[in-house]
Amino acid sequence: MLQGFLASLSPASLLVEILGVIIGIIFGAIPGLTATLAIALFVPVTFLMSAEHGMIMLGGIYAGGIFGGSISAILINVPGTPASVVTGWEGYALAREGRAPFALSLAALSSGVGGLLSALALLFLTPALSSLALTFGPPEYCALLLFSFTIVTFMMDGSLIRSLLGLFFGLLVTTIGLDPVTGAARFTFGNVDLLSGFNLVAVLVGFFCMTEAVYLASEVFDESPSAAVKFGKEREYGALLKTMLTRAVTYLRSSAIGIFLGILPAIGPVETPFIAHTIERRFNRGDAKFGKGSVTGLIASECSISANVGGSLIPLISLGIPGSGAAAVFIGALTLHGLQPGPLLFQNQPVLIYTFFWGFIAVNLFMLLFGIFGARYFAVVLKLSAGVLATFIAFFSILGAYAINNSMFDVGVMFGATALAMWLRALRVPILPIVLAVILGPQFEQQTLVLFTTSESLKSVLERPIADVFFALSLLIVVFAVGKRLRN
Amino acid sequence: MTTRLSALASACLLAAAFVSQSANAQPAKPADYPNRPINFVVSYPPGGGMDTTARALAAQMERVTGYQFRVENRGGGGGIIGNTYMATQAKPDGYTIGVLANPTLIINILKQGANFKKDDLEAIAGITFAPVAWFTRTDSQFGKMSFDQILAYAKKNPEKVKVGVIPNASFDMATRIVERQKGVKFTIVPFPGGKPSVVALLGGNVDISAAYYDEVDQYLKAGTLKALALADNSPAPQLPGAPTMKELNIPMASGTWGADRFVAVPRGTSKEIKNYLAYLIQKTLADPQTRDAFEKVGITLQAKTMAEEQQRFDESYAAVREYLKSIGELKAGQ
């Protein structure tokens, strides 16, 4: 372990750590370009390095990319990666209050703390925690996903019917493509491109990036007084420290949730902030700003995403199981370096693994420092005119949608999602239940399917305590929410 | 010992490939080809076995030939989207080459009604073939049984043995062939990929998992999992203990139910370019350094020449067709 620590501090290691984080932040901050894409693009570059440096660099790109997405989410309400959607709600609202530097620094700090805690878990608890990934079977997944759907649909303000409609519409959309059992094509109308359904990244880029570009552009044409975000001048390091100390529990809770969800192979960084954010909401009922510029909400979101990245490396290294698209590319990269992630990697290459673990801690430290002290330089974005910004976002949205599978079809999907998002906004139908359904729907279908094929009776499902807790909580939420609405 | 045996086996295969190659002299280099990078199209997203194969091949081709090779991922729909692109849209100019997998491509045509035909693609080289194998946890009740004993148990207890598979692929079909030939009934549990199925096996949610060797290699070496049987008729060097279908008296087509990774060009590619490419690939695959590079990423090369690969394609096509016909799932008009 000590050997690994020293190796992670060699000049070459420090260089790849910094390089990885910077590349990641840049890719993450550009809407449409995701962490997965950055890793895939830089895999060949890592062949010029030793295996451990390659791993550290990819780890840095992964962590930096996930944080980078939050920068554009906070400054211009355009999540740079799908994981930053929740950060956008809180961070952009804060930015509009003139607290952009504070929100950016806080995001960096929260990301860094979540990442560091997960890196520590990775360093010390990997063998112990990796078994967690296997104890979560189909009943637990079904219950957890049902819980997420319930909490988002029933906890939203506004019309319950509209939220439910959105949820079911989203679930219906995810059934497009190949049936997971029979392989029959569903709702594809003979179109080959529809066989894999609508690509999630393309849909999210359409929902959040392109839509924002269109609204920005329309502001320019209307010549309406733009509600542009002003980047505040004040340095709020004191406030930052105070916020962090007073919300230590939120940090711990969100990091724990993030690490735990990261270890679960089926839940990746995109899903995590939704779940962490809704759970944190339950602990902060008094916070009227929750979801609309709450400091606690921002911490919960950022902390959990970064913790998820470290958490997902636990089963990746110890079991060879990827927890997200980015993690799958990461495994591919390791394989090309001649390292097969799995139970034997620890035994055969302990120094390499510990070098990577310490390197990952360093990566998170650099990310934290860049975020806190470099935040003001990101504000250059706000100096651009709305027209330039809109063009830039639109260009990268198209590029990003195309780059997923090198397919123009995904670009079409992205534009379709943009049109849908604008239509729904006009109808005042909330988009969040649809987003959640599109993200979690395929996993929900898959897990339900396995649950129904493998469990012999209802009893065998009810014998799983973790699943029972989530089922019971979901039921309680439904009863309370419906009861409350009936009384009003 | 086993590594030495497998090395010996690969050496023999390589030698065979080399001899058959040196019999044909080097074909003439087509004029002005290649004058720009050549693209390998992979019908799967980055990170998987096919992607690794294509990237390793691209790197070795660059080293041996000096030309530039790129990998282009066109994933989605379990391979059908990229396969359709290769068969219907790719230009037959020698710069767009598919690194593809059978029987997925054959199943696309015969079962899923893909809008292309077998003849739209021409195989020019075989890279490797890995048969599907069945694995179980060593500490489970099936870990102590042989494949025959498990089949006997399944016969007495229909639908009690849960087998994780990827539907509509070799995994699923090979498992169903065993069911039919032996008159047993498993509970077949569908998973979206090899990894989730192995996770379910490790977590005890299924009893047996149909997978490829390279997906479970680590667990075999660690002693957590053991191989029960191979869905092929010749033994695999990586799984020395696993009985073949022939040894178990289960009739099954050879070289079909697994991953046959091969290189193909779109129909209409000129004969000179096709022969020249096939020659370059054979030359690369016969190089000992290439073999080592592939071994390093967990792939044992089993190179096949253009003629051999086309023959295997035809045989697999006929075998899959016969199977789908027998269960009534053959797409109308095929």
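Residues numbered from 1 in each chain as written. Chains lettered and ligands numbered in written order. Predicted model: local features only at pLDDT ≥ 70, side-chain atom pairs only at ≥ 80, totals over all residues.

A. Summary view of the overall build of chain B. Looking only at helices and strands, chain B features eleven helices and ten strands. Against the compact-globule benchmark of 20 Å for 334 residues, chain B has a radius of gyration of 20 Å, which places it among compact chains. On the principal axes, the C-alpha backbone points of chain B span a range of 65 × 50 × 30 Å. Relative to its 334 residues, chain B shows a buried fraction of 54%. Within chain B, counting contacts between residues at least 6 apart in sequence, those at least 24 apart form 76% of the total. (Helix = DSSP H or I, 4+ residues; strand = E, 2+ residues; numbered from the N terminus. Rg over C-alpha atoms; globule rule 2.2 N^0.38 Å. Buried ≥ 20, exposed ≤ 12 C-beta atoms within 10 Å, placed from the backbone. Contact = placed C-beta atoms within 7 Å.)

B. Just the overall build of chain A, in detail. Looking only at helices and strands, chain A features 22 helices and two strands. Taken over the C-alpha trace, chain A has a radius of gyration of 22 Å; the compact-globule value for 488 residues is 23 Å, and the two agree within 12%. The C-alpha extent of chain A, read off along each of the three principal axes, is 65 × 65 × 50 Å. By residue count, 58% of the 488 residues in chain A fall in the buried class.

C. Quick peek at the interface of chain B and chain A. Each partner contributes residues to the interface: chain B has 41 residues there, and chain A has 36 residues. Elements with a contribution of two residues or more to the side of chain B that touches chain A: α2 (49-65), β2 (69-73), α3 (80-89), β7 (187-190), α7 (194-202) and α8 (213-222) of chain B. At five residues, the largest contribution of residues to the side of chain B that touches chain A is made by α8 of chain B. By residue class, the composition of the side of chain B that touches chain A is 14 nonpolar, 18 polar and nine charged. (Nonpolar A, V, L, I, M, F, W, Y, C, P; charged D, E, K, R; others polar.)

D. Quick peek at the sheet that holds strand β1 (residues 38-42) of chain B. Residues and elements named next belong to chain B. With mixed pairing, five strands are arranged side by side in an open sheet as β2-β1-β3-β10-β4. The open sheet is flanked by β2 and β4 (121-131), the only strands paired with a single partner. Ignoring which end each strand starts from, the neighbouring axes of this sheet average 25 degrees apart. As paired strands, strand β3 (residues 96-102) and strand β10 (residues 258-266) are joined by five bridges and run antiparallel to one another. If you follow Gly98 over to β10, its bridge partner there is Ala264. (Pairing = 2+ DSSP bridges. Axes fitted to C-alpha atoms, helices over the stretch in contact; angles between N-to-C directions.)

E. Quick look at the sheet that holds β7 of chain B. Residue and element names in this part refer to chain B. Read across the open sheet, the five strands follow the order β7-β6-β8-β5-β9; overall the sheet is mixed. The open sheet has two free edges, formed respectively by β7 and β9 (225-230), since each of these has just one partner strand. Going across the sheet, the axis of each strand differs from the next one's by a mean of 30 degrees, ignoring polarity. As paired strands, strand β6 (residues 162-165) and strand β8 (residues 208-211) are joined by two bridges and run parallel to one another. Residue pairing in the sheet places Gly164 in a bridge with Ser209 of β8.

F. A look at the packing of α2 of chain B against helix α9 (residues 271-286) of chain B. Residues and elements named next belong to chain B. In contact at an axis separation of 9 Å, α2 and α9 are set at 100 degrees when each is read in the N-to-C sense. As summarised for this structure, α2 and α9 are arranged roughly perpendicular, according to the angle between their axes. Within the contact between the two elements, α2 uses Gln60, Met61, Val64 and Thr65 and α9 uses Leu280, Lys283 and Thr284. Among the residues forming the contact of α2 with α9, the class breakdown is three nonpolar, three polar and one charged. (Parallel < 35°, antiparallel > 145°, perpendicular 65-115°, else oblique.)

G. Examining unusual backbone geometry more closely. Backbone torsion omega between Tyr33 of chain B and Pro34 of chain B reads -10 degrees, so that peptide bond is classified as cis. Inspection of the secondary structure assignment puts Pro34 of chain B in the loop between α1 (2-23) and β1. A cis amide bond links Asn102 of chain B with the next residue in sequence, Pro103 of chain B, at an omega value of 5 degrees. Look at Phe189 of chain A: it is not a glycine, yet its phi comes out positive at around 50 degrees. When you line up the elements, Phe189 of chain A lands in the loop between β2 (185-186) and α9 (200-222).

Honestly, that's just the spatial picture; any functional story needs more than this.
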